[in-house]
Amino acid sequence: MANKKLAFQDIILTLQGFWSKQGANLMQAYDNEVGAGTMSPYTFLRSNGPEPWGAAYVQPSRRPADGRYGENPNRLFQHHQFQVVLKPSPKNIQELYLQSLAALGIDALEHDIRFVEDNWENPSMGCAGIGWEVWIDGQECTQFTYFQQVGGIEVDSVTSEITYGLERIATVIQEVDSVYDLEWGNGVAYGDIFKEPEYEHSKFAFEESNQELLLKLFGEYEQEALDLLDKGLVHPAYDYILKSSHTFNLLDARGAVSVTERAGYMHRVRTMARKVAKTFIEERAKLGFPLLKDEALREKYLGKKGKYTKIVEGEEK
Amino acid sequence: MTNYLLEIGLEEIPAHLVTPSINQLAERMEAFLNENRLKFDKIIKFSTPRRLALIVEGLSESSEAIDEEVKGPSAKIAKDAEGNWSKAIQGFSRGQGATPDDLILKGDYYYAKKHVDGVKAEEILSKVGDEVIAKMTFSTYMKWGNNDFLFVRPIQWIVSLLEDEIVAFDLLDVTANRFSRGHRFLANVEIELKNANDYASKMPENFVLVDAEHRKAEISAQILALASENNWQVTLHKDLLEEVNNIVEYPTAFVGSFDPKYLSVPAEVLVTSMRDNQRYFEVYNQEGQLAPNFISVRNGNAEHIENVVLGNEKVLVARLEDAEFFWKEDQKLKIEDLVAKLGKVTFHAKIGSITEHMARTKLIAAKLADIAGLTDEEKVDVARSAEIYKFDLLTGMVGEFDELQGVMGEKYALLAGENANVAAAIREHYMPTSADGQLPETKVGSVLAAADKIDSVLSFFNVGLIPSGSNDPYALRRAVQGLIRIIEKMNWHFDLSLFIDQFEGQNHAEILEFVKARVQKLLLEKLDRYDIVEAAINSSNFDITNMMESAFVIDGHKLHEPFKPAIENVSRSINLVKKAADIAEINPALFEEDTEQALYDAVISLQNQWTYKPCEEKFRAIVHTLAPAIEAFFDNVMVMAEDLAVRDNRIALLSEVVALTSVMADFSLINTK
């Protein structure tokens, strides 16, 4: 690369600049612990229903089981995703993605870029999509997905989701072996910011977390989410679903959940996710899907009477 | 004679679907052309991750014209009372463009002769979009944009050329034309195809090796050349090669390396990282030891390949770093501590913990060890392995690479000082992992593997989690199929019905039916006589080895001369015994004829050590000793004698015959017609 290598924050700025011109609104990271950018309401909730939507944001993503005490060069308790969602999926979305890599200075002719099948599934959120992992020189750098089902509901309009693993992309761009050697910006190293928290969070998640407390919290968060859903308060309910999901991940990292028990917990989270997705569509329908401007589509989904025509599946038995 | 090119341009198709998809496309095209009576010589297939293409060679210019006869009204209603053509006939004729006098009478019906003109190839091919492409089926579909159309991946372009002419059609928002696309990076432009016949030469010029077999040969040659250059041995794993072939359009193989220090990690772990996670080919030195190198294939040319090598090496190091971390950390763990923790790990919420599952398996294994005739030392090993065999589930390595469960267990057990039998059993207890997967080799491993599977089935059936239809979430069918194969291979003889009755639990009858259905399925994969299989699996004691062996023995003799009469005599005995209400004790004093005594003697002579005799011996005894005696008996005595005591005694004698033959099979189920 001829130019000075992009710092971590320059990568974010470049991607924001690129995607904001492609119809994505720049949102901010969601202020709740999540395992992935998909869990942000800007993706999860908005990908249901017929309304068009475009968003791009950085999402710090916590995966307790991936913590390595700051000792592994690229496994992290918390990494950063740059999330792009465009709905409906544009015909040239793969081209756009490749152009965004070029904007970051990644010349496809100097690397090996591949779209390797990876049908993404998040069973605990009732989500399924078709797509790929994008490999750059063997490194999985991006998850690329066409959403087919969200919250257990088949989507009306397909969202294309692009999730850049920022640390992965940055290690390719800056040509370093360890994430801790990345330059965040202004000469400050990634390790100077995150190495200590990585150690502490790993220590916490694997050794010090209070299992009884977590078990109790999971139940309480779940109850709160269900109560709020009964009241039709979609967004607060969703916050509590995220809290219970993160609590489950902490329990899982502690090895406190067996394979079969995991199925039980995931079922509980999934039940909530389905409910919230369904309630979200109902609430948007009540507002008349304000973002849906296309007359033909308004007719298709709202009919002549202005009522949402799609039957939302019942909850799981 | 003309050639037709169809190319469907797609976003990257999953590697494992490329070959099945192009085969399907060719089959559908062939069926479509045949239906339309459009003759052709052959269909040539091309496929890459981004395109499915066909060239139909030697197409006729139009479909064949045919003369056909269209069935009309019956003769009964053809004419009215005055002998004039009826309304029905007139209407039919009009519809066929004929007059009633043109019709021909064949049997009871009138037929119209109809000439169907040939249709131009262009016109037929213009329906390819709806009639061929849109009808394709896939294991997974997707939709995109605001469309409801489902396909394997979004369609980006379609080329449809009959020689140099576009055969236009629309599919969704794509209009077929003459523009293909080159390699995604090396020739990222529209490629104008002037003629269908240019395809095979023009695409490689644009860095797309469209001939999949040629591309695969190219990859193989490149890999073998690199291996030979470096003095390595390499295996071109078939599945891996197929996958790699279907993720590249223009392959360039390259070599990477990693720090030899990682060779201290078990080879299985390194190979899993390279082969399964990264799609690399692992290489070995001339002594057969894993080398700290790999061969991978880039989707592109050799320009700047040093970046690709460095990147791939870096990724692998990160994976190996993780593996080494687990390998070291796991060795600090104590097996006993891990086993203790398994008490908190649920086997299934309705069933209990893994510790409980292991404890039950241990009891079952002990009883199987008796049946299998293990030595005292081996029995100690069975007990020890059953106490600890799931411990590796809680190691970091298995947490990360779950496909290494058992494999790591063996390694860690050996390091912890367990003996080789115990360690091997831990690895082998998962076997077989597929329908024709490898079976355990050691006796201890076989016993543990069988016991683990028996407990799984008993436990799930006990709480009512019984597979039904296609619903088998705990893979119990696979477990039972594995169990059957182990029992057969080890030649264990025991009555499964009595065996499982030693253990408490519900639904034992359902378990036996479930097992029987699996035995039947395994047998029907190799034998085509359903009745013989039925006879074998309905033998009187639930001895799986006997069922399997019996079916093959009977099947092997089905064409031999004495087969039919022997089976018929035995069946006749079975049917008579079935009709009897009670079976008396045999009293030889009541025998009236020599043939009764002779049959009785034959039965007595066979009873000794009968049950576990090899099936071949049993079958010969039935055919050559028992059946002639039965036949003589039937020829000379009236079973249904007037004297009730004599009659009951004869039935009792036959029931002894049936008791003997039923151990091998229920011969009355065999069709001798």
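Residues numbered from 1 in each chain as written. Chains lettered and ligands numbered in written order. Predicted model: local features only at pLDDT ≥ 70, side-chain atom pairs only at ≥ 80, totals over all residues. Heavy atoms only, no water.

**Re the confidence of the model for chain A**
Argument step 1. When the pLDDT values of chain A are averaged, the result is 90; 95% of them are 70 or greater.
Argument step 2. Scored below 50 in pLDDT, residues 312-317 of chain A shows 13 contacts in the model against residues more than four places distant or in partner chains. (pLDDT = per-residue confidence, 0-100. Contact = heavy atoms within 4.5 Å.)

**Concerning the domain arrangement of chain A**
Size of an interface, as often reported, equals the accessible area lost when the parts are brought together.
All names here are of chain A.
Argument step 1. Entries for chain A in the domain assignment read domain 1 (6-205) and domain 2 (209-311).
Argument step 2. Put simply, the middle of domain 1 and the middle of domain 2, counted by C-alpha atoms, are 22 Å apart.
Argument step 3. Residue-level contacts link 32 residues of domain 1 with 32 residues of domain 2.
Argument step 4. For the pair domain 1 and domain 2, the two sides together bury roughly 2,900 Å², of which 65% comes from carbon and sulfur.
Argument step 5. The largest per-residue losses of area from domain 1 upon contact with domain 2 belong to Leu45, Pro50 and Glu51, which jointly make up 21% of the total buried on that side.
Argument step 6. Linking domain 1 to domain 2 there are 1 salt bridge.
Argument step 7. We note a salt bridge from glutamate 51 to arginine 284, for which the minimum N-O separation is 2.8 Å.
Argument step 8. Applying the counting rule to domain 1 against domain 2 returns 7 residue pairs in polar contact (both at pLDDT 80 or more).
Argument step 9. Secondary-structure elements contributing two or more residues to the side of domain 1 that touches domain 2 are strand S2 (53-62), strand S8 (153-154) and helix H4 (190-208). (Domains from an automatic or database assignment. Buried area = accessible area lost by both parts, 1.4 Å probe. Salt bridge = Lys/Arg side-chain N within 4 Å of Asp/Glu carboxyl O. Polar contact = N/O pair within 3.5 Å; in protein donor to acceptor, adjacent residues only side chain to side chain. Helix = DSSP H or I, 4+ residues; strand = E, 2+ residues; numbered from the N terminus.)

**Section: a negative patch on the surface**
All names here are of chain B.
Argument step 1. Together, Glu61, Glu122, Glu123, Asp164 and Glu165 make up a negatively charged patch on the protein surface.
Argument step 2. Its location among the elements puts aspartate 164 in the loop between strand S7 (155-162) and strand S8 (165-166).
Argument step 3. Take aspartate 164: its relative accessible area is 40%, and that puts it in the partly exposed class. (Patch = residues over 30% accessible without salt bridge, like charges linked within 9 Å, V, L, I, M, F, W, Y side chains within 5 Å. Areas by Shrake-Rupley, 256 points an atom, 1.4 Å probe, with all protein chains shown as cover. Lys, Arg positive; Asp, Glu negative; His and termini not counted. Charge placed at Lys NZ, Arg CZ, Asp CG, Glu CD. Buried < 20%, exposed > 50% of the residue type's maximum accessible area, 1.4 Å probe, protein only.)

**Some remarks on the side chain of arginine 178 of chain B**
All names here are of chain B.
Argument step 1. Among the secondary structure elements, arginine 178 is positioned in the loop between strand S10 (174-175) and strand S11 (179-181).
Argument step 2. We note that arginine 178 is buried and unpaired, the nearest opposite charge coming from glutamate 192 at a distance of 4.4 Å.
Argument step 3. Here the side chain of arginine 178 touches aspartate 164 through a polar contact of 2.7 Å, landing on its backbone oxygen.
Argument step 4. There is a polar contact of 2.9 Å between the side chain of arginine 178 and the backbone oxygen of leucine 193.
Argument step 5. Dropping the residues within four chain positions of it, arginine 178 is found in contact with Val159, Leu161, Asp164, Glu165, Ile166, Ile191, Glu192, Leu193 and Lys194.

**Looking at the packing of aromatic side chains**
Argument step 1. Under the defined criterion, the tally for this structure stands at 44 aromatic pairs over all chains.
Argument step 2. Summarising the aromatic geometry, the rings of phenylalanine 325 of chain B and phenylalanine 326 of chain B are spaced 5.5 Å apart at their centres and angled 65° between planes, so their arrangement reads as edge-to-face.
Argument step 3. Residue phenylalanine 326 of chain B is classed as buried on the basis of its relative accessible area of 8%.
Argument step 4. Grouped by ring-pair contacts, the aromatic residues Phe82, Tyr97, Phe115, Trp132, Phe144, Tyr146 and Tyr164 of chain A constitute a single cluster.
Argument step 5. Sitting over the face of the ring of tyrosine 109 of chain B, lysine 71 of chain B holds its NZ or CZ atom 4.3 Å from the ring centroid. (Phe/Tyr/Trp six-rings, centres within 6.5 Å; stacked < 30°, edge-to-face > 60°. Lys NZ or Arg CZ within 6 Å of the ring centre and 35° of its normal.)

**As for the pattern of salt bridges**
All names here are of chain A.
Argument step 1. Evaluated as defined, the whole model comprises 41 salt bridges over all chains.
Argument step 2. Two residues, lysine 286 and glutamate 283, come together in a salt bridge whose shortest N-O distance is 3.3 Å. Taken as a pair, lysine 286 and glutamate 283 lie in helix H7 (residues 259-286) at a separation of 3 residues, close to a single helical turn.
Argument step 3. Judged by relative accessible area, lysine 286 falls into the exposed class, the value being 65%.
Argument step 4. What makes glutamate 283 partly exposed here is its relative accessible area of 27%.

**Focus: helix H12 (residues 376-388) of chain B**
Argument step 1. With 13 residues, H12 of chain B should cover 18 Å at 1.5 Å per step; its first-to-last C-alpha distance of 19 Å lies within 8% of that length.
Argument step 2. Taken together, the buried positions of H12 of chain B are Glu378, Asp381, Val382, Ser385, Ala386 and Ile388 of chain B. (Expected span 1.5 Å × (residues − 1).)

**As for the interface of chain B and chain A**
Argument step 1. With 50 residues of chain B in contact, the opposing surface of chain A contributes 47 residues.
Argument step 2. Between chain B and chain A the total buried area reaches about 4,100 Å² when both faces are included, carbon and sulfur atoms providing 47% of it.
Argument step 3. Counting the contacts that link chain B with chain A gives 8 salt bridges.
Argument step 4. Of the charged contacts in the structure, one is a salt bridge between arginine 75 of chain A and aspartate 322 of chain B, with a shortest N-O distance of 2.8 Å.
Argument step 5. Counting across the chain B and chain A interface gives 31 residue pairs in polar contact (both at pLDDT 80 or more).
Argument step 6. Put simply, the parts of the chain that give the side of chain B that touches chain A at least two residues each are S7, helix H8 (267-278), strand S16 (290-299), helix H9 (305-331) and strand S17 (346-348) of chain B.
Argument step 7. Looking at the side of chain B that touches chain A element by element, the count peaks at 11 residues for H9 of chain B.

**Thoughts on the pairing of strand S2 (residues 42-48) of chain B**
Residue and element names in this part refer to chain B.
Argument step 1. In this sheet, strand S3 (residues 51-59) lies alongside S2 in antiparallel orientation, the contact comprising 7 bridges. What sits directly across from isoleucine 44, in S3, is isoleucine 55.
Argument step 2. Hairpin connection, S2 to S3: the antiparallel pair is bridged by 2 residues. (Pairing = 2+ DSSP bridges.)

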